[in-house]
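Residues per chain, in single letters:
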Amino acid sequence: MMKIAVIGAGPLGSATARHLAESGAHVTVFGPDEPATFAGHQGTWSGHYDQGRMAVTDPLLVASILGHRAMARYADLAMRSGVTFSRSHPQLMMFPDGATGEGTQEPSSSHAYRMLDAVLEHSRTFGETPEVLDSAQLHARFPDMRFAANQIGALQHDALIVNPRLLVRAELVLAEAAGATRVRELVVGLESTASQVRLTLADGFTASFDKVVVATGAGTNASGLLPARVDTTVYGATIVLLEVDGPDVVQMPAWMYLDSHHGGGLITPPTQYPDRRWYLKCASGQLLSNPLHSAGEISGWVSTGGESSELDYFQEFVARSLPAVQVRGGHTRPCLPSINTTSVPYIDMVDERVGLVVEGERGVMMADEIGRLSARLTLTGEWRDSLDHHEVAVRWAA
Ligand SMILES: Cc1cc2nc3c(=O)[nH]c(=O)nc-3n(C[C@H](O)[C@H](O)[C@H](O)COP(=O)(O)OP(=O)(O)OC[C@H]3O[C@@H](n4cnc5c(N)ncnc54)[C@H](O)[C@@H]3O)c2cc1C
């Protein structure tokens, strides 16, 4: 039985661990639980400490393919683990009204057109029936919402809202049921030799494995575990949680809006958080304005808890755009997206014994499929899939 360690117990690591364990490997998953607070935070943080992530057909075909393969297994995952981690909810993605195709002179709207075209085409490829709604149709369909002039919306009915914390729980329940062991420790050293991989833990213990998968998410470069830096940029992002009275205060899709403030963002409909309260979750394009380069920069930024001006912005935006909603208060949370230079996941081997998965933009919706592909690659050393491996090969920073 092959002895394999997975470093990182986030969505990608837990999914990889499950597929490895269910394939018969002897698996150990290393990774700490979510810190209780961000105040004074030291060390690694992650991209998945939240209750709502979108799973939806994407303008990028690779992301759509991997996402749909994963989504097709959600029901089985939930049933076998006993953990319900997703719910159906439509998504509305706004575009400038000029996103009407050829002939436009304006570069941003021709880009918008390609995005809209791609969303519609890929949605139909996966058997979905998206709608494009003009201004009048938007007002009629969503009377609780106020839309800026000159915008149209692509309504994707088949979207899901995934709770990433519960997705991780479901994957780990099944990984453990298949024999995996969980160790709530950080890995601080990785030495790969011809015959084994030796890991050093934060408490000083060492352990050796036949193979290892590095799934350390936003901490991948900061951890220093790899021989070189992966070509991905980590950002210090701010999530704004606005408290509302309950799930029914507004009828709205998950809303990818456009706005002059950092280009727009996403508002997720009322969702319950671990404090049992209900929040609108908001994030603007500001989330890609603060690149972080080292472990020190990451922990320093996480300790701030996020950018308070974003809270002011969203209180004003929600009062204007969802006027029926009474906001009781709000707060910010830090989050760490990371963007690969290819915009799609890295699923690769660093050497014969060390595998790697990195996807910090849409990784929740694709996690179970990234985990399946990485488990197979790690076990067999071979890429066998209809998707060309070139698409998901790791890129190293120059
Ligand atoms: C604001 C925001 C919005 C997003 N929206 C979406 C969305 O709508 N849909 C979607 O699909 N995705 C979304 N994402 C992206 C998604 O959250 C990430 O792709 C996903 O979390 C990546 O999972 P991961 O397991 O690779 O990394 P992470 O979630 O970062 O988890 C990595 C884990 O590894 C652990 N770790 C790190 N270093 C070590 C170490 N040295 N030893 C042991 N453990 C270690 C960490 O503690 C952590 O638990 C969003 C991200 C953000 C920040």
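Details of the structure are given in the entry above.
Scope of this entry: the structure provided in the associated data block. (Residues numbered from 1 in each chain as written. Predicted model: local features only at pLDDT ≥ 70, side-chain atom pairs only at ≥ 80, totals over all residues. Heavy atoms only, no water.)

### Examining the overall build of the protein chain
Each helix and strand in the protein chain was counted, giving 10 helices and 23 strands. The globule rule puts the C-alpha radius of gyration for 398 residues at 21 Å, and the 21 Å found for the protein chain is close to it. Its C-alpha atoms put the protein chain at 65 × 45 × 45 Å along the principal axes. Put simply, the protein chain has 398 residues, and 53% of those count as buried. For the protein chain, restricting intrachain contacts to residue pairs at least 6 apart in sequence, the fraction spanning at least 24 positions comes to 72%. (Helix = DSSP H or I, 4+ residues; strand = E, 2+ residues; numbered from the N terminus. Rg over C-alpha atoms; globule rule 2.2 N^0.38 Å. Buried < 20%, exposed > 50% of the residue type's maximum accessible area, 1.4 Å probe, protein only. Contact = heavy atoms within 4.5 Å.)

### A few points about the sheet that holds strand 8 (residues 160-162)
Adjacent strands of a sheet form backbone hydrogen bonds with each other and so pair up, either parallel or antiparallel. Across the sheet, 3 strands lie side by side as 3-8-4; this open sheet has antiparallel pairing. Strands with a single pairing partner mark the edges of an open sheet, and in this sheet they are strand 3 (53-55) and strand 4 (86-88). Here the average twist between neighbouring strands, direction ignored, is 30°. Relative to strand 8, strand 4 is paired through 3 bridges, and the arrangement is antiparallel. Within the sheet, the bridge partner assigned to Arg87 lies in strand 8 and is Ile161. (Pairing = 2+ DSSP bridges. Axes fitted to C-alpha atoms, helices over the stretch in contact; angles between N-to-C directions.)

### A word on the packing of aromatic side chains
Under the defined criterion, the tally for this structure stands at 12 aromatic pairs. Relative to Phe317, the ring of Tyr257 lies with its centre 4.4 Å away and its plane at 35°, an arrangement referred to as tilted. In this pair, Tyr257 sits in strand 16 (residues 254-258) while Phe317 sits in helix 9 (residues 308-321), placing the two residues 60 residues apart along the sequence. A single burial state applies to Tyr257 and to Phe317, both of which are buried. With relative accessibility at 4%, the residue Phe317 sits in the buried group. (Phe/Tyr/Trp six-rings, centres within 6.5 Å; stacked < 30°, edge-to-face > 60°.)

### With respect to the pairing of strand 17 (residues 264-272)
Burial runs high along strand 17: 7 of the 9 residues are buried. Both strand 16 and strand 17 contribute to a ladder of 4 bridges, which runs antiparallel. The partner of Trp255 across the bridge, within strand 17, is Ile267. In sequence, strand 16 turns back onto strand 17 through a hairpin of 5 residues, with His262 there showing a positive phi of about 55°. Sheet topology places strand 17 next to strand 18 (residues 278-284); 6 bridges connect them, and they run antiparallel. Paired with Gln272 across the strands is Trp278, a residue of strand 18.

### Digging into the layout of surface pockets
Considered as a void within the structure, the second largest pocket measures approximately 210 Å³ in volume. If you trace the second largest pocket, you find 15 residues lining it, with Arg165, Leu241, Tyr273, His331 and Arg333 closest to the centre. Class assignment of the residues belonging to the lining of the second largest pocket gives a composition of 9 nonpolar, 2 polar and 4 charged. Of the domains in this structure, domain 1 (3-56 + 164-227 + 342-392) and domain 2 (87-162 + 234-339) are the two that each give at least three residues to the lining of the second largest pocket. (1 Å grid on protein atoms, 1.4 Å probe; cavity = no way out; pocket = protein on both sides within 12 Å on 5 of 7 lines; lining within 4 Å. Points joined across faces, edges and corners; volume = space filled by probe spheres on them. Nonpolar A, V, L, I, M, F, W, Y, C, P; charged D, E, K, R; others polar. Domains from an automatic or database assignment.)

### Digging into the sheet that holds strand 18
If you walk across this open sheet you meet the 8 strands as 6-7-5-16-17-18-15-20, and the pairing is mixed. In this open sheet, the two strands that pair with only one neighbour each are strand 6 (131-133) and strand 20 (329-335). Strand-to-strand twist across the sheet, computed as the mean angle between neighbouring axes with direction ignored, equals 20°. Where strand 6 lies against strand 7 (residues 151-156), 3 bridges are found, and the strand directions are antiparallel. Note on strand 7: the bridge partner recorded for Val132 is Ala154.

### With respect to the environment of Val6
Take Val6: it is sitting in strand 1 (residues 3-7). What makes Val6 buried here is its relative accessible area of 0%. Each C-alpha atom, one on Val6 and one on Leu311, is 37 Å from the other, the two residues being 305 residues apart in sequence. Apart from residues lying up to four places away in sequence, Val6 is in contact with Gly13, Thr16, Ala17, Leu20, Val27, Thr28, Val29, Phe30, Val213 and Ala215.

### Observations regarding the site of the ligand
Taken together, 35 residues surround the ligand, and among them His48, Cys335, Glu359, Gly363 and Met365 come closest. Between His48 and the ligand, the recorded distance is 2.8 Å, taken from a side-chain N or O atom to an oxygen atom. A distance of 2.9 Å separates a nitrogen atom of the ligand from a polar atom in the backbone of Val187. Bound to the protein, the ligand loses 94% of the 1000 Å² it would expose on its own. Elements with a contribution of two residues or more to the shell around the ligand: helix 1 (11-22), strand 3 and helix 10 (363-380). Considering each element in turn, the shell around the ligand owes the most residues, 3 residues, to helix 10. Classifying every residue of the shell around the ligand by side-chain character gives 19 nonpolar, 11 polar and 5 charged. Both domains that furnish three or more residues to the shell around the ligand are identified here as domain 1 (3-56 + 164-227 + 342-392) and domain 2 (87-162 + 234-339). (Near = heavy atom within 4 Å. Polar contact = N/O pair within 3.5 Å; in protein donor to acceptor, adjacent residues only side chain to side chain. Areas by Shrake-Rupley, 256 points an atom, 1.4 Å probe, with all protein chains shown as cover.)

### Let's talk about the side chain of Thr238
Residue placement: Thr238 occurs in strand 15 (residues 237-244). A polar contact of 2.9 Å, which involves the side chain of Thr238, links it to the backbone nitrogen of Glu307. Apart from the residues lying within four places of it in its own chain, the contact partners of Thr238 are Cys282, Ala283, Gln286, Trp301, Gly306, Glu307, Glu310, Thr332 and Arg333.

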